[in-house]
Amino acid sequence: MLAGELYDATCPDIQAELAACAAWLARYNAALGAASSVWAALLRERLGGVGEGALLRPPFYCDYGSNIHVGKGVFINYNCVILDVVRVTIGDDTRIGPAVQIYTADHPRDPALRRSGLESGIPVTIGNNVWIGGGAIILPGVTIGDDAIVGAGSVVTRDVPAGATVAGNPARVVGPKTDG
């Protein structure tokens, strides 16, 4: 699975990891009213890497957690979903709006192979100082370059160059990053 090859999601080891993550998510999401220091400690229990000052507001949903690596100063707003069957990297000082969905999970294009129940994953990499607007969806295999902006509600189907602003469905470059 972690190598991006086809795998059987019903494998007992995978099911055990999903169950462990579900139990952790129940604790994390129940901590909604707690101090951010409590959230940080819980994140360090499960995520693959958590940079200093990272803040992920519950409720939050993921498959495993251990494949998610967030840099320092990352802010992820309420209701984020990360399907992390393989690695998701979120760079330093990135801001992610509410209800953003990041998918690494993929399925075979061949209908017979898809019916077999096999799945795969393709890593997602989000650079430093990226801003992803609320409700955006990031598809498997996408890389978003440093300083990029993804407009709210966008569906990102391909890589985003550093410094670019993308918007729409599918997301297309609409301009460079600006302060005005």
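Computed from a predicted model, the values in this text were never measured in an experiment. (Residues numbered from 1 in each chain as written. Predicted model: local features only at pLDDT ≥ 70, side-chain atom pairs only at ≥ 80, totals over all residues. Heavy atoms only, no water.)

1. Describing the nonpolar core
Right, on to step 1. Within the largest apolar cluster, 39 residues are counted, with the highest numbers of intra-cluster contacts made by Phe60, Ile90, Ile102, Ile132 and Ile144.
Right, on to step 2. Elements supplying a minimum of two residues to this core: α1 (12-30), α2 (36-46), β4 (60-62), β5 (68-70), β7 (80-83), β8 (88-90), β13 (124-126) and β19 (164-168).
Right, on to step 3. In terms of residue count, the dominant contributor to this core is α1 (four residues).
Right, on to step 4. With seven residues, the next largest nonpolar core counts Tyr7, Tyr64, Val85 and Ala105 among its residues. (Core = buried A, V, L, I, M, F, W, Y, C linked by side-chain atoms within 4.5 Å. Buried < 20%, exposed > 50% of the residue type's maximum accessible area, 1.4 Å probe, protein only. Helix = DSSP H or I, 4+ residues; strand = E, 2+ residues; numbered from the N terminus.)

2. What to know about the packing of aromatic side chains
In this description, a pair of aromatic rings is defined by centroid distance and the angle of the planes.
Right, on to step 1. This model, assessed by the stated rule, comprises two aromatic pairs.
Right, on to step 2. When the ring of Tyr28 is compared with that of Phe60, the centres are 6.4 Å apart and the planes differ by 80 degrees; the resulting orientation is edge-to-face. With a gap of 32 residues between them, Tyr28 in helix α1 and Phe60 in strand β4 connect regions that are remote in the sequence.
Right, on to step 3. Residue classification places Tyr28 among the buried residues on the basis of a relative accessible area of 0%.
Right, on to step 4. Among the residues examined, Phe60 registers a relative accessible area of 0% and is labelled buried.
Right, on to step 5. Put simply, the rings of Trp24, Tyr28 and Phe60 pair up and form one aromatic cluster. (Phe/Tyr/Trp six-rings, centres within 6.5 Å; stacked < 30°, edge-to-face > 60°.)

3. Digging into the environment of Cys62
Right, on to step 1. Considering the arrangement of structural elements, one finds Cys62 in strand β4.
Right, on to step 2. Considering only alpha carbons, one finds Cys62 and Val130, 68 residues apart in sequence, at a separation of 21 Å.
Right, on to step 3. Apart from residues lying up to four places away in sequence, Cys62 is in contact with Cys21, Trp24, Leu25, Ile68, Ile82 and Asp84. (Contact = heavy atoms within 4.5 Å.)

4. Considering α1
Right, on to step 1. Counted at 1.5 Å a residue, the expected span for α1 with its 19 residues is 27 Å, and the 27 Å between its end C-alpha atoms agrees.
Right, on to step 2. Taken residue by residue, α1 has Ile14, Cys21, Trp24, Leu25, Tyr28 and Asn29 as its buried positions. Here the buried residues of α1 occupy an arc of 125 degrees about the axis, which is enough to place them on one side. Every exposed residue of α1 that faces more than 90 degrees away from the buried side is listed here: Pro12 and Ala30.
Right, on to step 3. If you follow the buried residues of α1, they end up packed against β1 (7-8), α2, β3 (55-56) and β4. (Expected span 1.5 Å × (residues − 1). Arc of directions from axis to C-beta.)

Take it as geometry only, folks, not as evidence of what the structure does.
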